[in-house]
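# Inside the fold
One-letter residues, chain by chain:
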Amino acid sequence: MPKKRILTGHRPTGPRHIGHLVGTLENWTRLQNTHECFFLVADLHVLTTSHAQPEIIQDNILNMLADWLAASIDPSRSTIVLQSIIPEHAQLALLFSMLTSVSRLERVPTYKEQIKELNLQPSLGLLTYPVLQAADILLYKAQVVPVGEDQLPHIELSREIARRFNQAYGEFFPEPDALLSHAARLPGVDNRTMHTSYGNSILLKDTPEETKRKVMSMYTDPMRVHATDPGHVDGNPVFVYHDIFNPDKEEVKEFKTRYLKGKIGDVEVKRRLAEVLNAYLAPLRERRAEYISQPKMLLEVLFSGTVKAKFIAQQTLEEAYQKMGLMHSQSLSEKVLLNSIPGIFC
Ligand code: TRP
């Protein structure tokens, strides 16, 4: 049985944090063993919300890529794709936009949230964000799309578009299945959702000292004033982190028992957490430092994956054009060839 094909990706909004690591990257790394993987650097999607920062995009791409590789995304087994330099992504999105109603897109929850949050006139690009995402997936005829829960409505739309296309023009695109990761969601150090722009995340590239400082400032149990007060463990981010990063499960159990009884202070639990977290991240950070010092090598990885992807993208788009009754680029080269016969170009 051939391996199923995966396509998934991130918007290059900057360096990755430990929430990305345990939420997605570790999952992607494992999936490389069982699937044919395409990992997309979705830089066009970044423009839907911040188009006015051209100077930082490339730096963000390299930083994200260094983190991906450090987290063991392996370009010799998987294909890393830069969305913006394969025009077929935008072209297929245009075709798909003909099959999608405006009102359907206006009902997408991420869109509704964004316009509420940004409090500005949404662009056409923001409205069609999930159409571009459907093109990302279907251009490679991916069958499986590992994503977080917030992305499920986008995958649902991709399935609808595939269905609509197939009904109109004959079976062509697979209906992609979402694959939810079961990793626990990591809270930020202030107990809100971890988000680079909230300043509450621990970055893969942070130094051990920065990590320790962030851990020591971490939100714990607001009800607990003194170390001798009984504390809460459930939903306490310090223990959420211990559960994930501390390999010594006995120690975690003992910390919890003592914490519940008011027999251990936050400082001790946090100090130990900083240690285990830094130990967990150390090998990854070493690799990351190595990669980020070689931007040329990073670009090579990016471009060699993108060249491979381009062949598939071209073929899918040509076929989609044909099915929709459009001429494709081959017709153009045939025409040039025909014209050259009578010697027009001489
Ligand atoms: N929208 C995704 C996110 O914000 C990124 C993305 C773009 C994506 N294209 C994709 C994810 C295709 C999966 C498949 O996380």
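Residues numbered from 1 in each chain as written. Predicted model: local features only at pLDDT ≥ 70, side-chain atom pairs only at ≥ 80, totals over all residues. Heavy atoms only, no water.

## Looking at the site of the ligand
We count it as follows: Put simply, a residue is near a molecule or strand once any heavy atom of it comes within 4 Å of that molecule or strand. Whenever two N or O atoms come within 3.5 Å, that pair is a polar contact, provided that in protein one can donate a hydrogen and the other can accept it, and provided that, for residues adjacent in sequence, both atoms are side-chain atoms. Here the accessible surface of atoms and residues is derived via Shrake-Rupley with a 1.4 Å probe, and residues count as covered only by protein chains that are part of the display. Only DSSP runs of H or I covering at least 4 residues are called helices, and only runs of E covering at least 2 are called strands; the numbering of each starts at the N terminus. The nonpolar class holds Ala, Val, Leu, Ile, Met, Phe, Trp, Tyr, Cys and Pro. Asp, Glu, Lys and Arg form the charged class, and all remaining residues, Gly among them, are polar.
Neighbouring the ligand are 14 residues, the closest being Arg11, Tyr129, Gln133, Asp136 and Gln151. Here a nitrogen atom of the ligand and a side-chain polar atom of Gln133 are 3.1 Å apart. A distance of 2.7 Å is found between a nitrogen atom of the ligand and a side-chain nitrogen or oxygen belonging to Asp136. Relative to its unbound accessible surface of 360 Å², the ligand loses 92% to contact with the protein. Listed by contribution, the elements that provide at least two residues to the shell around the ligand are strand 1 (5–10), helix 8 (129–138) and strand 4 (144–147). Take the shell around the ligand: its biggest share by element is 4 residues, from helix 8. Counted by class, the shell around the ligand contains 7 nonpolar, 5 polar and 2 charged residues.

## Observations regarding the packing of helix 4 (residues 88–97) against helix 14 (residues 295–323)
Which entries qualify depends on this criterion: Lines fitted to C-alpha atoms define the axes here, with helix axes fitted over just the stretch in contact, and angles between the N-to-C directions of these axes take values from 0 to 180 degrees. Should an angle lie under 35 degrees it is considered roughly parallel, over 145 roughly antiparallel, and from 65 to 115 roughly perpendicular; all remaining angles are considered oblique. Each crossing is labelled by how the near helix is turned from the far one, with a counterclockwise turn of less than a right angle marking it left-handed and a clockwise turn marking it right-handed. Any two residues whose heavy atoms approach within 4.5 Å are treated as being in contact.
Where helix 4 contacts helix 14, the two axes come as close as 10 Å, and the packing angle between them is 25°. With respect to each other, helix 4 and helix 14 are oriented roughly parallel. Remark: the crossing between helix 4 and helix 14 carries left-handed chirality. Residues Glu88, Gln91, Leu92 and Leu95 of helix 4 pack against Lys310, Ala313, Gln314, Leu317, Ala320 and Tyr321 of helix 14. Here the contact of helix 4 with helix 14 is built from residues that sort into 6 nonpolar, 2 polar and 2 charged.

## With respect to the pairing of strand 2 (residues 36–41)
Formally: A 1.4 Å probe rolled over the protein chains alone gives each residue an accessible area, and that area as a share of the maximum for its type sets the label: buried under 20%, exposed over 50%, partly exposed in between. Strand pairing is defined by DSSP finding a minimum of two bridges between the two strands.
Burial analysis of strand 2 places 5 of its 6 residues in the buried class, which makes it a mostly covered element. Both strand 1 and strand 2 contribute to a ladder of 6 bridges, which runs parallel. Looking at strand 2, one finds that Gly9 is bridged to Leu40. Here strand 2 pairs with strand 3 (residues 79–82) via 4 bridges, running parallel. Bridge pairing links Phe39 to Ile80 in strand 3.

## Focus on the packing of aromatic side chains
The description of two aromatic rings rests on the distance between their centres and on the angle between their planes. For clarity, the cut-off: Two rings from Phe, Tyr or Trp (for Trp, the six-membered ring) form a pair when their centres sit within 6.5 Å of each other. Planes less than 30 degrees apart are called stacked, planes more than 60 degrees apart edge-to-face, and all others tilted. Whether a charge sits over a ring comes down to the Lys NZ or Arg CZ being within 6 Å of the ring centre and within 35 degrees of the ring normal.
Counted under the stated rule, the structure contains 12 aromatic pairs. Aromatic side chains Phe245 and Tyr280 sit 4.9 Å apart centroid to centroid with 80° between the ring planes, which places their arrangement in the edge-to-face category. A residue pair is termed long-range when its members are at least 10 positions apart, and Phe245 in helix 11 (residues 237–245) and Tyr280 in helix 13 (residues 266–292) qualify at 35 residues. Overall, the relative accessible area of 33% leaves Tyr280 in the partly exposed class. Members of the aromatic cluster, each reached through a chain of ring pairs, are Phe96, Phe165, Tyr169, Phe172 and Phe173. Arg192 extends its terminal NZ or CZ atom over the ring of Tyr198, reaching a point 4.3 Å from the ring centre. Geometry around Tyr259 places Arg224 over its ring, the cationic atom sitting 4.0 Å from the centre.

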